[in-house]
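The residues making up each chain are set out below.
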Amino acid sequence: MTSPLFSAEHLGKRFGGQPVVDDLSFAIAPGECLGVIGPNGAGKTTTIRMCLGLTAPDTGRVHAFGHEMPRDALAIKARLGVVSQMDTLDPDFDCAENLLVYGRYFGLRDQDIRARIPHLLEFAALSHKARAKPGELSGGMKRRLSLARALVNDPDLLLLDEPTTGLDPQARHLMWERLQMLLQQGKSILLTTHFMDEAERLCSRLLVLDHGRKIAEGRPRELIAQHLEPEVVEVYGPGALALAEAPAHEGLRALAARVEVSGETVFFYVPDAQPLLQALAPMHPLRTLHRPTNLEDLFLKLTGRQIREEG
Ligand SMILES: Nc1ncnc2c1ncn2[C@@H]1O[C@H](COP(=O)(O)OP(=O)(O)O)[C@@H](O)[C@H]1O
Ligand SMILES: [Mg+2]
């Protein structure tokens, strides 16, 4: 393996005596997109903040580009681009000015930043909004401006904390396309998300976090194959829940390797769905959805189906 661009070793952080990040180690190879997925409160943002030197870790070390945090924070930050979970755009400045002011933090000369601004705005699909203030932008536009701002210093590694949360499907697709462009240009990305389709589409490798601990790591397809049966039949509609419990349906359940309930849907995980589908066919009002298992199934298997509320 090529030597990592970035590495975190045995990172740990407690808040109020509670471990929020617990003995977490990972590395990012050049050109890689590493996804960190985990429920609300899993410790994703705290991990990113420790990587940036914004939160001091209780244990562990962060290295990047051959430098060590926090000793060489300036040298590291010069090569990092960051989009934080909450928008931190300056509301008093227009889009172009936001880029200019941010570039100055890196000690870049105004004329050099100004020369880059049209290109950055074009990348963000915001050329027509150069003179608009953030308050006049849609959610998707704000996220793209934040991404453009993170590129002002032409970083090698981008740390993106939930870059598409709160965006509508069109805006998410546009963001995905831009992130793919950056990967094609050779940039490396660490992104957190709770959208499993996003993780599967963009990330070459995933880290699954729960309660601050790494509970799985690997390529999306390999993780799915390792933890799950190849197919799932979702059953819903009147009477569906009885299939998961009633003694009369024991034979049906025996056709599945694993049966799970979430809300009003029963999930039958199977190596081969045909026998189960045949058995279900005469059970009239029930609706079925037969599909390959995906990252969402993996995530729910590893972290449980109960909802974690925000905050
Ligand atoms: N500054 C802080 N002080 C106290 N608790 C915090 C602080 N920051 C985060 N936490 C807590 O740490 C846990 C992990 O938070 P966070 O890293 O934001 O998770 P995620 O980004 O995965 O949703 C949560 O329970 C959160 O309430
Ligand atoms: Mg977060």
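Residues numbered from 1 in each chain as written. Chains lettered and ligands numbered in written order. Predicted model: local features only at pLDDT ≥ 70, side-chain atom pairs only at ≥ 80, totals over all residues.

1. A closer look at the site of ligand 1
Around ligand 1, the neighbouring residues are F15, G16, V20, G38, N40, G41, A42, G43, K44, T45 and T46. Counting residues per element, the shell around ligand 1 draws most heavily on helix 1 (residues 44-52), which supplies three residues. For the shell around ligand 1, a count of residues per class yields three nonpolar, seven polar and one charged. (Near = placed C-beta within 6 Å. Helix = DSSP H or I, 4+ residues; strand = E, 2+ residues; numbered from the N terminus. Nonpolar A, V, L, I, M, F, W, Y, C, P; charged D, E, K, R; others polar.)

2. Here's the deal with the domain arrangement of the chain
By the assigned domains, the chain splits into domain 1 (6-224) and domain 2 (229-292). Computed over C-alpha atoms, the centres of domain 1 and domain 2 are 40 Å apart. (Domains from an automatic or database assignment.)

3. Let's talk about the packing of helix 5 (residues 139-150) against helix 6 (residues 169-184)
In the contact formed by helix 5 and helix 6, the axes pass within 9 Å of each other and the chain directions differ by 15 degrees. Classified by the angle between their axes, helix 5 and helix 6 sit roughly parallel to one another. Like other packed secondary-structure pairs, helix 5 and helix 6 cross with a definite hand, here right-handed. Across the interface between the two elements, G139, G140, R143, R144 and L147 of helix 5 pack against A171, L174, M175 and R178 of helix 6. Taken together, the residues of the contact of helix 5 with helix 6 break down into four nonpolar, two polar and three charged. (Axes fitted to C-alpha atoms, helices over the stretch in contact; angles between N-to-C directions. Parallel < 35°, antiparallel > 145°, perpendicular 65-115°, else oblique. Left-handed = near helix turned anticlockwise from the far one by under 90°. Contact = placed C-beta atoms within 7 Å.)

4. Focus on the sheet that holds strand 13 (residues 265-270)
With antiparallel pairing, four strands are arranged side by side in an open sheet as 12-13-11-14. Each end of this open sheet is capped by a strand with a single partner; those strands are strand 12 (258-262) and strand 14 (287-292). Neighbour to neighbour, the strand axes of the sheet diverge by 20 degrees on average, direction disregarded. (Pairing = 2+ DSSP bridges.)

5. What to know about the nonpolar core
Core analysis: the largest hydrophobic core is formed by 64 residues, its most contacted members being L34, L99, L120, L121, A148, L159 and I189. Among the elements that line this core, the one with the most residues is helix 5, at five residues. Among residues more than four places away in sequence, those in contact with L34 are F26, I28, L190, C203, R205 and L207. Listed in part, the 13 residues of the second largest apolar core include V232, L252, F267 and L280. (Core = buried A, V, L, I, M, F, W, Y, C linked by C-beta atoms within 7 Å. Buried ≥ 20, exposed ≤ 12 C-beta atoms within 10 Å, placed from the backbone.)

6. A closer look at the sheet that holds strand 3 (residues 33-37)
Paired through their backbone hydrogen bonds, the strands of a sheet run either parallel or antiparallel. Pairing within the open sheet is mixed, and its six strands lie in the order 6-7-8-3-9-10. The outermost strands of the open sheet, each flanked by one partner alone, are strand 6 (80-83) and strand 10 (213-218). Each strand of the sheet is rotated relative to its neighbour by a mean of 15 degrees, with strand direction disregarded. Pairing between strand 3 and strand 8 (residues 188-193): five bridges, direction parallel. Along strand 8, the bridge assignment pairs C33 with I189. Packed on one face of the sheet, helix 12 (residues 295-303) meets strand 3, strand 9 (205-210) and strand 10 and runs near 30 degrees to strand 9.

7. Overview of the environment of E122
Structurally, E122 can be placed in helix 4 (residues 110-123). Once the C-alpha coordinates of E122 and A148 are considered, the two residues, 26 residues apart in sequence, prove to be 9.1 Å apart.

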